[in-house]
Amino acid sequence: SQELYRAREEDHAKLQVAKEAAEKRTQELKKEGELHKIFEQQLSLNGEKKMIFKGLTVNKENMNNLILTPLIHYPLPGGSALITFEEAKVAQRIIEMREHTVELSCGELEELDQCRVRVQAVPMDILLPSALEVRLTPRSRSILVSELPRLAISKEALLDKLELFFSKTKNGGSEVENREFLEDSDQVVLTFTEDGVAEPLIERGHIQVPIGKEKYKIKISPCMSGDISNLQLQPSRCPRTVLLLGIPDVLSEESMQDALEIHFQKGSRGGGEVDALAYVPAGRTGVAVFVEE
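In this text, all values refer to a predicted model and were calculated from it rather than measured experimentally.

Observations regarding the side chain of Ser146
Now for step 1: Here Ser146 lies in strand 4 (residues 116-146).
Now for step 2: Setting aside its immediate chain neighbours within four residues, Ser146 contacts Gln187, Ile218 and Lys219.

Next comes the structure, spelled out in C-alpha coordinates:
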(Lines give C-alpha, C1' and ligand atoms only; values in the text may rest on other atoms or scores of the structure.)
Protein backbone atom coordinates (compact mmCIF):
# COMPACT_ATOMS: atom_id res chain seq x y z
CA SER A 1 0.00 0.00 0.00
CA GLN A 2 2.95 2.30 0.68
CA GLU A 3 4.23 1.73 -2.87
CA LEU A 4 0.74 2.34 -4.28
CA TYR A 5 0.50 5.60 -2.31
CA ARG A 6 3.91 6.71 -3.59
CA ALA A 7 2.90 5.86 -7.18
CA ARG A 8 -0.29 7.91 -6.78
CA GLU A 9 1.75 10.82 -5.46
CA GLU A 10 4.10 10.63 -8.45
CA ASP A 11 1.15 10.47 -10.87
CA HIS A 12 -0.47 13.45 -9.16
CA ALA A 13 2.81 15.43 -9.40
CA LYS A 14 3.11 14.59 -13.11
CA LEU A 15 -0.49 15.64 -13.72
CA GLN A 16 0.10 18.89 -11.84
CA VAL A 17 3.21 19.66 -13.95
CA ALA A 18 1.28 18.85 -17.13
CA LYS A 19 -1.61 21.04 -15.98
CA GLU A 20 0.72 23.99 -15.26
CA ALA A 21 2.44 23.54 -18.64
CA ALA A 22 -0.93 23.49 -20.40
CA GLU A 23 -2.10 26.62 -18.56
CA LYS A 24 1.14 28.41 -19.43
CA ARG A 25 0.78 27.46 -23.11
CA THR A 26 -2.86 28.60 -23.06
CA GLN A 27 -1.77 32.02 -21.75
CA GLU A 28 0.94 32.23 -24.43
CA LEU A 29 -1.59 31.41 -27.16
CA LYS A 30 -3.93 34.03 -25.71
CA LYS A 31 -1.19 36.69 -25.86
CA GLU A 32 -0.26 35.63 -29.40
CA GLY A 33 -3.95 35.97 -30.32
CA GLU A 34 -3.99 39.52 -28.95
CA LEU A 35 -0.92 40.40 -30.98
CA HIS A 36 -2.46 38.83 -34.10
CA LYS A 37 -5.56 40.99 -33.68
CA ILE A 38 -3.40 44.10 -33.34
CA PHE A 39 -1.43 43.10 -36.44
CA GLU A 40 -4.68 42.64 -38.39
CA GLN A 41 -5.84 46.10 -37.30
CA GLN A 42 -2.68 47.59 -38.76
CA LEU A 43 -3.28 45.77 -42.05
CA SER A 44 -6.80 47.17 -42.34
CA LEU A 45 -6.68 49.95 -44.93
CA ASN A 46 -10.41 50.50 -45.37
CA GLY A 47 -11.69 54.01 -45.85
CA GLU A 48 -10.35 57.03 -47.67
CA LYS A 49 -7.67 59.44 -46.51
CA LYS A 50 -6.88 62.67 -48.30
CA MET A 51 -3.16 63.37 -48.59
CA ILE A 52 -1.40 66.54 -49.68
CA PHE A 53 1.98 66.19 -51.37
CA LYS A 54 4.23 69.20 -50.87
CA GLY A 55 7.75 69.92 -52.01
CA LEU A 56 9.98 71.02 -54.86
CA THR A 57 11.67 68.82 -57.45
CA VAL A 58 15.00 70.32 -58.44
CA ASN A 59 16.48 67.47 -60.47
CA LYS A 60 14.61 66.03 -63.42
CA GLU A 61 15.80 62.49 -62.65
CA ASN A 62 14.16 62.68 -59.20
CA MET A 63 10.68 63.58 -60.46
CA ASN A 64 9.33 60.04 -60.01
CA ASN A 65 10.79 59.54 -56.53
CA LEU A 66 8.68 59.93 -53.41
CA ILE A 67 10.07 60.20 -49.88
CA LEU A 68 7.74 59.02 -47.13
CA THR A 69 8.06 60.05 -43.49
CA PRO A 70 6.50 57.40 -41.22
CA LEU A 71 3.70 58.45 -38.86
CA ILE A 72 2.29 55.18 -37.54
CA HIS A 73 -0.80 54.98 -35.31
CA TYR A 74 -0.64 51.67 -33.44
CA PRO A 75 -3.63 50.40 -31.37
CA LEU A 76 -2.82 49.32 -27.82
CA PRO A 77 -5.14 46.93 -25.91
CA GLY A 78 -6.04 47.33 -22.25
CA GLY A 79 -3.56 45.87 -19.78
CA SER A 80 -0.53 46.79 -21.87
CA ALA A 81 2.32 49.28 -21.84
CA LEU A 82 4.93 50.56 -24.26
CA ILE A 83 8.37 51.20 -22.84
CA THR A 84 11.21 52.81 -24.79
CA PHE A 85 14.76 52.49 -23.46
CA GLU A 86 17.67 54.78 -24.22
CA GLU A 87 19.68 51.82 -25.54
CA ALA A 88 18.55 49.13 -27.98
CA LYS A 89 20.56 46.41 -26.22
CA VAL A 90 18.48 46.87 -23.07
CA ALA A 91 15.23 46.42 -25.01
CA GLN A 92 16.62 43.27 -26.64
CA ARG A 93 17.61 41.89 -23.24
CA ILE A 94 14.14 42.53 -21.80
CA ILE A 95 12.52 40.76 -24.78
CA GLU A 96 14.81 37.74 -24.45
CA MET A 97 13.85 37.38 -20.76
CA ARG A 98 10.19 37.45 -21.93
CA GLU A 99 8.43 37.05 -18.54
CA HIS A 100 9.02 39.61 -15.79
CA THR A 101 7.84 39.70 -12.18
CA VAL A 102 7.17 43.30 -11.17
CA GLU A 103 7.01 44.25 -7.49
CA LEU A 104 4.21 46.63 -6.59
CA SER A 105 3.65 49.01 -3.71
CA CYS A 106 1.26 47.24 -1.32
CA GLY A 107 -0.22 50.49 -0.03
CA GLU A 108 -3.23 50.17 -2.34
CA LEU A 109 -3.58 46.38 -2.06
CA GLU A 110 -5.32 44.27 0.57
CA GLU A 111 -3.52 40.94 0.21
CA LEU A 112 0.21 40.40 0.45
CA ASP A 113 0.29 37.82 -2.35
CA GLN A 114 -0.90 40.52 -4.78
CA CYS A 115 2.28 42.56 -4.38
CA ARG A 116 3.90 40.95 -7.42
CA VAL A 117 2.53 40.66 -10.95
CA ARG A 118 3.86 38.87 -14.00
CA VAL A 119 3.95 40.62 -17.36
CA GLN A 120 5.03 39.47 -20.81
CA ALA A 121 7.60 41.41 -22.87
CA VAL A 122 7.35 41.08 -26.67
CA PRO A 123 9.00 42.93 -29.58
CA MET A 124 7.36 46.04 -30.99
CA ASP A 125 6.76 45.30 -34.68
CA ILE A 126 5.00 47.82 -36.90
CA LEU A 127 4.19 47.87 -40.62
CA LEU A 128 6.00 50.31 -42.88
CA PRO A 129 5.56 50.86 -46.65
CA SER A 130 8.21 49.07 -48.69
CA ALA A 131 6.77 50.02 -52.09
CA LEU A 132 4.24 52.62 -53.16
CA GLU A 133 2.84 53.46 -56.57
CA VAL A 134 0.54 56.44 -57.13
CA ARG A 135 -1.57 56.88 -60.26
CA LEU A 136 -1.85 60.61 -61.06
CA THR A 137 -4.75 62.08 -63.02
CA PRO A 138 -4.82 65.73 -64.15
CA ARG A 139 -7.98 67.67 -63.34
CA SER A 140 -8.47 69.64 -66.54
CA ARG A 141 -11.00 72.14 -65.16
CA SER A 142 -9.19 72.82 -61.87
CA ILE A 143 -6.30 74.99 -60.72
CA LEU A 144 -4.24 74.86 -57.53
CA VAL A 145 -3.88 78.27 -55.88
CA SER A 146 -1.00 78.66 -53.40
CA GLU A 147 1.32 81.24 -51.79
CA LEU A 148 -1.79 82.89 -50.35
CA PRO A 149 -1.31 85.81 -47.94
CA ARG A 150 -2.01 85.36 -44.25
CA LEU A 151 -4.78 87.82 -43.54
CA ALA A 152 -7.03 88.57 -40.57
CA ILE A 153 -10.08 87.15 -42.36
CA SER A 154 -11.76 83.74 -42.25
CA LYS A 155 -11.02 81.01 -44.78
CA GLU A 156 -14.57 81.29 -46.07
CA ALA A 157 -14.15 85.03 -46.69
CA LEU A 158 -10.89 84.38 -48.55
CA LEU A 159 -12.60 81.73 -50.70
CA ASP A 160 -15.32 84.26 -51.55
CA LYS A 161 -12.74 86.80 -52.75
CA LEU A 162 -10.87 84.23 -54.83
CA GLU A 163 -14.08 82.96 -56.41
CA LEU A 164 -15.16 86.51 -57.22
CA PHE A 165 -11.82 87.30 -58.88
CA PHE A 166 -11.50 84.08 -60.90
CA SER A 167 -15.13 84.09 -62.03
CA LYS A 168 -14.51 87.22 -64.15
CA THR A 169 -13.53 86.75 -67.81
CA LYS A 170 -11.38 89.91 -67.73
CA ASN A 171 -9.13 88.14 -65.20
CA GLY A 172 -8.90 85.07 -67.44
CA GLY A 173 -11.45 83.12 -65.46
CA SER A 174 -15.01 81.83 -65.76
CA GLU A 175 -17.86 80.61 -63.57
CA VAL A 176 -16.48 78.72 -60.57
CA GLU A 177 -18.19 75.41 -59.91
CA ASN A 178 -16.43 74.49 -56.69
CA ARG A 179 -13.81 75.89 -54.31
CA GLU A 180 -12.14 74.23 -51.33
CA PHE A 181 -9.20 74.55 -48.98
CA LEU A 182 -7.08 71.42 -49.07
CA GLU A 183 -6.94 69.59 -45.76
CA ASP A 184 -3.96 70.53 -43.55
CA SER A 185 -2.82 72.99 -46.19
CA ASP A 186 -2.90 76.68 -47.11
CA GLN A 187 -3.72 75.79 -50.72
CA VAL A 188 -7.02 76.17 -52.55
CA VAL A 189 -8.48 74.19 -55.44
CA LEU A 190 -10.80 76.09 -57.77
CA THR A 191 -12.85 74.14 -60.32
CA PHE A 192 -14.46 75.89 -63.30
CA THR A 193 -17.68 74.88 -65.06
CA GLU A 194 -16.11 75.19 -68.53
CA ASP A 195 -13.20 73.49 -70.31
CA GLY A 196 -10.22 75.51 -71.53
CA VAL A 197 -10.18 78.02 -68.65
CA ALA A 198 -7.59 76.40 -66.39
CA GLU A 199 -4.77 75.92 -68.95
CA PRO A 200 -4.11 79.63 -69.76
CA LEU A 201 -4.16 80.50 -66.04
CA ILE A 202 -1.66 77.72 -65.29
CA GLU A 203 0.64 78.97 -68.06
CA ARG A 204 0.73 82.40 -66.44
CA GLY A 205 2.10 80.83 -63.24
CA HIS A 206 1.41 83.86 -61.03
CA ILE A 207 -1.32 86.49 -60.90
CA GLN A 208 -2.01 89.66 -58.89
CA VAL A 209 -5.24 89.37 -56.88
CA PRO A 210 -6.74 92.39 -55.08
CA ILE A 211 -7.90 91.60 -51.56
CA GLY A 212 -9.14 94.59 -49.63
CA LYS A 213 -6.93 97.59 -50.39
CA GLU A 214 -3.87 95.54 -51.33
CA LYS A 215 -2.81 93.34 -54.25
CA TYR A 216 -1.15 90.00 -53.59
CA LYS A 217 0.87 87.84 -55.98
CA ILE A 218 -0.38 84.26 -55.78
CA LYS A 219 0.80 81.11 -57.54
CA ILE A 220 -1.29 79.03 -59.96
CA SER A 221 -0.33 75.40 -60.59
CA PRO A 222 -1.88 72.33 -62.25
CA CYS A 223 -4.21 70.33 -60.05
CA MET A 224 -3.55 66.58 -59.97
CA SER A 225 -5.52 63.82 -58.28
CA GLY A 226 -3.69 60.69 -57.18
CA ASP A 227 -4.85 57.23 -56.21
CA ILE A 228 -2.65 54.60 -54.61
CA SER A 229 -2.45 51.81 -57.21
CA ASN A 230 -0.01 49.60 -55.31
CA LEU A 231 1.04 49.57 -51.65
CA GLN A 232 3.31 46.93 -50.13
CA LEU A 233 4.05 46.75 -46.41
CA GLN A 234 6.76 45.00 -44.44
CA PRO A 235 7.18 44.49 -40.68
CA SER A 236 9.77 46.69 -39.03
CA ARG A 237 10.98 46.25 -35.47
CA CYS A 238 11.43 49.21 -33.14
CA PRO A 239 14.89 48.56 -31.69
CA ARG A 240 14.46 50.48 -28.41
CA THR A 241 10.78 49.83 -27.68
CA VAL A 242 9.16 46.87 -25.89
CA LEU A 243 5.46 45.98 -25.66
CA LEU A 244 4.35 44.70 -22.22
CA LEU A 245 1.19 42.56 -22.08
CA GLY A 246 -0.95 40.96 -19.39
CA ILE A 247 -0.76 43.81 -16.86
CA PRO A 248 -3.56 43.31 -14.27
CA ASP A 249 -5.73 46.19 -13.11
CA VAL A 250 -4.63 46.23 -9.44
CA LEU A 251 -3.22 49.76 -9.04
CA SER A 252 -4.18 53.22 -10.17
CA GLU A 253 -2.86 54.25 -13.58
CA GLU A 254 -0.19 56.56 -12.14
CA SER A 255 0.99 54.03 -9.52
CA MET A 256 1.21 51.19 -12.04
CA GLN A 257 3.15 53.36 -14.48
CA ASP A 258 5.60 54.31 -11.71
CA ALA A 259 5.99 50.67 -10.63
CA LEU A 260 6.74 49.54 -14.20
CA GLU A 261 9.27 52.31 -14.74
CA ILE A 262 11.04 51.61 -11.43
CA HIS A 263 11.27 47.90 -12.24
CA PHE A 264 12.55 48.22 -15.81
CA GLN A 265 15.14 50.89 -15.12
CA LYS A 266 17.05 48.63 -12.70
CA GLY A 267 20.10 46.95 -14.22
CA SER A 268 19.84 44.08 -11.71
CA ARG A 269 16.57 43.07 -13.42
CA GLY A 270 17.94 43.38 -16.94
CA GLY A 271 16.68 46.93 -17.43
CA GLY A 272 18.28 50.28 -18.06
CA GLU A 273 17.52 53.99 -18.50
CA VAL A 274 13.92 54.50 -19.61
CA ASP A 275 13.30 57.13 -22.26
CA ALA A 276 9.47 56.91 -22.25
CA LEU A 277 6.69 54.71 -20.86
CA ALA A 278 2.96 54.68 -21.62
CA TYR A 279 0.49 52.40 -19.77
CA VAL A 280 -3.07 51.51 -20.87
CA PRO A 281 -5.19 50.10 -18.00
CA ALA A 282 -7.45 47.06 -18.51
CA GLY A 283 -10.85 47.94 -19.96
CA ARG A 284 -9.46 50.82 -21.99
CA THR A 285 -7.68 51.17 -25.32
CA GLY A 286 -4.92 53.49 -26.48
CA VAL A 287 -3.10 54.57 -29.61
CA ALA A 288 0.66 54.90 -29.83
CA VAL A 289 2.11 57.25 -32.46
CA PHE A 290 5.49 56.31 -33.93
CA VAL A 291 7.54 58.91 -35.81
CA GLU A 292 10.86 58.72 -37.59
CA GLU A 293 13.85 59.26 -35.30
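A closer look at the side chain of Ser221
Now for step 1: Take Ser221: it is sitting in strand 8 (residues 214-245).
Now for step 2: A relative accessible area of 13% means that Ser221 is categorised as buried.
Now for step 3: If sequence neighbours within four positions are ignored, Ser221 has contacts with Ile143, Leu144 and Ile202.

Notes on the environment of Glu147
Now for step 1: Mapped onto the fold, Glu147 is located in the loop between strand 4 and helix 3 (155-166).
Now for step 2: Residues Glu147 and Lys219, 72 residues apart in the sequence, show an inter-C-alpha distance of 5.8 Å.
Now for step 3: In this structure, Glu147 is in contact with His206, Lys217, Ile218 and Lys219, ignoring residues within four places of it in sequence.

Quick look at the environment of Arg141
Now for step 1: Its location among the elements puts Arg141 in strand 4.
Now for step 2: Exposure remark for Arg141: the relative accessible area of 31% places this residue in the partly exposed category.
Now for step 3: Considering only alpha carbons, one finds Arg141 and Glu194, 53 residues apart in sequence, at a separation of 6.8 Å.
Now for step 4: Apart from the residues lying within four places of it in its own chain, the contact partners of Arg141 are Leu190, Thr191, Phe192, Thr193, Glu194, Asp195 and Ala198.
Now for step 5: Here the side chain of Arg141 touches Asp195 through a polar contact of 2.7 Å, side chain to side chain.

Rules behind the numbers
- Residues numbered from 1 in each chain as written.
- Predicted model: local features only at pLDDT ≥ 70, side-chain atom pairs only at ≥ 80, totals over all residues.
- Heavy atoms only, no water.
- Helix = DSSP H or I, 4+ residues; strand = E, 2+ residues; numbered from the N terminus.
- Contact = heavy atoms within 4.5 Å.
- Buried < 20%, exposed > 50% of the residue type's maximum accessible area, 1.4 Å probe, protein only.
- Polar contact = N/O pair within 3.5 Å; in protein donor to acceptor, adjacent residues only side chain to side chain.

Geometry only, nothing functional implied.
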